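# Topology and contacts: notes
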Amino acid sequence: MPTAQKTKVRAKLTARTFIWLQGLSGLIGFAVLLEVIPRLGIVSPDYLPPFSAIMVALFKEMTTATFWTALSDTLEAWAIGFVISVVAGVVIGLAIGSSQLLRGLTHSTIEFLRPIPSVALIPLAVLLYGSQIQSTLVLVVYASFWPVLIQVLYGVQDVDPVARETARSYGLNTWAQIRYVTWPTALPYLMTGIRLAAAVALILAITSEVAIDTQGLGKEITDTESGGAVAIMYAYVIVAGIIGVIVNLGARALERRVLAWHPSVRLDIAEAGA
Amino acid sequence: MKKSMSPLPRRVVVALALPVTLIAAWWITSADSQSFYFPPLQTILHTFGKLWFSPHALSNIVPSLWRLSVGYLAAAFLGIAIGVPVGASRNLRNVLEPVLEFLRAIPPPVLVPVLILFAGLGNEMKALVIVFGCIWPVLLNTVAGVRALDEVLAETVRSYRIGRFARLWHFVLPGASPQIFTGLRQSLSIGIILMVVSEMFAARDGIGFVLVQYQRSFAIPEMWSGIILLGIIGIVLSLLFRAFEAWLLGWYHGLRQSQRAG
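Residues numbered from 1 in each chain as written. Chains lettered and ligands numbered in written order. Predicted model: local features only at pLDDT ≥ 70, side-chain atom pairs only at ≥ 80, totals over all residues.

## Some thoughts on the overall build of chain A
Along the backbone of chain A there are eleven helices and zero strands. Traced from its N-terminal end to its C-terminal end, chain A shows the element sequence α-α-α-α-α-α-α-α-α-α-α. Against the 2.2 N^0.38 benchmark of 19 Å for 274 residues, chain A shows a C-alpha radius of gyration of 24 Å, more extended than a compact globule. Counting only C-alpha atoms, chain A reaches 75 × 70 × 30 Å along its principal axes. A separation of at least 24 residues holds for 73% of the contacts in chain A among residues at least 6 apart in sequence. (Helix = DSSP H or I, 4+ residues; strand = E, 2+ residues; numbered from the N terminus. Rg over C-alpha atoms; globule rule 2.2 N^0.38 Å. Contact = placed C-beta atoms within 7 Å.)

The structure is reproduced here in structure tokens:
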């Protein structure tokens, strides 16, 4: 490798390490802030225990079965609801999107139903299912179905007319047209929908645990708050945040992987590498 | 293009056909419903009129909407005010981004119990919950929008020595506004969720509060009418938002359209 190129690579690496270190310093600074504010008495430690106390509470809590049950309950509700929404959104979206007539007929209804806040369904879910997992699923599915559906509809509409005509004149049947023309066009839109739905599904899963006491992290947070175990409560809040970060990063990674062939992502990767 | 421009009456019929059919179907199938949980639509609508078109109803609707608008507007202002400097400075951005990503990823409803500790059960708590929940999408989208500003324009603005305020008002904010609006739209639905959840959890008034009261006392038609009211509020707010966006971002959508056509 020529020396000029070598120094360039090294410069790129140090630049990346530097950005990484900057981010790390931000996180450490945030932790220090959370440690110092209650210690100096700016905020009473009864309301906000020092960061170290929260961490101790977290590690202690992690040795209990309650913690792992709560975690798996939340993830289970999230995953089931998310998968139902994505499958339903894709199937219904492709069906509606492939027909001009259906699209026209359903447009106003979709625009009408979509902004209805899913939390409005809480009382109904409670009456029908109490605090079982089905209550959570009603809310999660109602909230995360729409982003998927809308994105699939956009995507199907975006199909290049020339490509569609070409496929038709080459005699591709309906299935092959969906597979080779509609699907690749709609995929980037679908991935956006999936990314939004993954985050929304987590918000609603936790909402249901906070508001209607279904099992999971949200219920642990309200229980520890009313029980006065403030440090443990913050520990659960941090865990909820970490799950959120993992869901967001995971969805982004999935998007990049699935769309690696797509010009928009190829450009992104090229830029990140340059 | 011409083909889709069907005459107005036909478009109205197409738009209304399905909603009318669905409501009619609900009306007819529920007409002699004996089911306790699914009363006839007629009963629900009758209750709706009685409940929500009375002066008494305002004592629950007004506090809810007041808390939502105070919290949402404060979050929008703070999000943009913090987002602009963070987006403009590369170092600040690199330092803060992981922290912001973490704060954004905390599902906002967990803030309800946390803020009860700090602010009790009053109005402040609910407004604060909404501020804390709504600020992150606005903030992060403002950062992304400011970061992606056109570099040639930025250089031009700089070389003409355009003042700070004029630069902000005529260049930075308009340039980042499409992204900012994406954040504002996400925040609006989070704000509505938090308004309802915080009232269900701890309140003396508000739509979320009465909704839970109805459900607990098995006042089923009243509960359904509350659900419909929340649905209508969601729809009206999203229409208002869209009108505001169309008014403020009309230039941008026009630009996009002409770019696509060209």
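## A short note on the overall build of chain B
The secondary structure content of chain B amounts to ten helices and zero strands. For chain B, the C-alpha radius of gyration of 23 Å lies well beyond 18 Å, the compact-globule estimate for 262 residues. Within chain B, buried positions represent 37% of all 262 residues. The long-range fraction of contacts in chain B, counting pairs at least 24 apart against all pairs at least 6 apart in sequence, stands at 75%. (Buried ≥ 20, exposed ≤ 12 C-beta atoms within 10 Å, placed from the backbone.)

## Overview of helix α2 (residues 51-61) of chain A
By the burial criterion, the buried members of α2 of chain A are Phe51, Ile54, Ala57 and Glu61 of chain A. Each buried residue of α2 of chain A sits inside an arc of 120° when the element is viewed along its axis, so together they form one side. (Arc of directions from axis to C-beta.)

## Focus on unusual backbone geometry
For Asp213 of chain A, which is not glycine, the phi torsion reads 60° and is therefore positive. With respect to the helices, strands and loops of the structure, Asp213 of chain A is situated in the loop between α8 (174-212) and α9 (217-226).

## Notes on the packing of helix α7 (residues 161-169) of chain A against α8 of chain A
Axis angle and axis distance: for two packed helices, these are the angle between their axes and the distance between the axes, and together they describe the pair. Residues and elements named next belong to chain A. Across the interface, α7 lies against α8 with an axial gap of 10 Å and an inter-helix angle of 155°. By the angle between their axes, α7 is roughly antiparallel relative to α8. Relative to α8, the crossing made by α7 is right-handed. Contact residues: Ala163, Arg164 and Ala167 in α7; Gln177, Tyr180 and Val181 in α8. (Axes fitted to C-alpha atoms, helices over the stretch in contact; angles between N-to-C directions. Parallel < 35°, antiparallel > 145°, perpendicular 65-115°, else oblique. Left-handed = near helix turned anticlockwise from the far one by under 90°.)

## Some thoughts on the interface of chain B and chain A
With 47 residues of chain B at the interface, the matching set in chain A holds 45 residues. Top element by residues in the side of chain B that touches chain A is helix α4 (residues 90-105) of chain B. It accounts for ten residues.

## Concerning the packing of α8 of chain A against α9 of chain A
All names here are of chain A. As a packed pair, α8 and α9 sit with axes 7 Å apart at the nearest point and diverge in direction by 35°. For the pair α8 and α9, the crossing hand works out as right-handed. Here Ile206, Glu209 and Val210 of α8 come into contact with α9, specifically with Leu217, Gly218, Lys219, Ile221 and Thr222. Counted by class, the contact of α8 with α9 contains four nonpolar, two polar and two charged residues. (Nonpolar A, V, L, I, M, F, W, Y, C, P; charged D, E, K, R; others polar.)

## Remarks on the confidence of the model for chain B
Residue and element names in this part refer to chain B. In this model, chain B carries an average pLDDT of 85, and 97% of its residues clear a pLDDT of 70 or more. When pLDDT is averaged over each element of chain B, helix α3 (residues 55-88) comes out on top at 91 and helix α7 (residues 151-159) at the bottom at 81. For this predicted complex, the interface confidence reaches an ipTM of 0.83, while the overall pTM sits at 0.86. (pLDDT = per-residue confidence, 0-100.)

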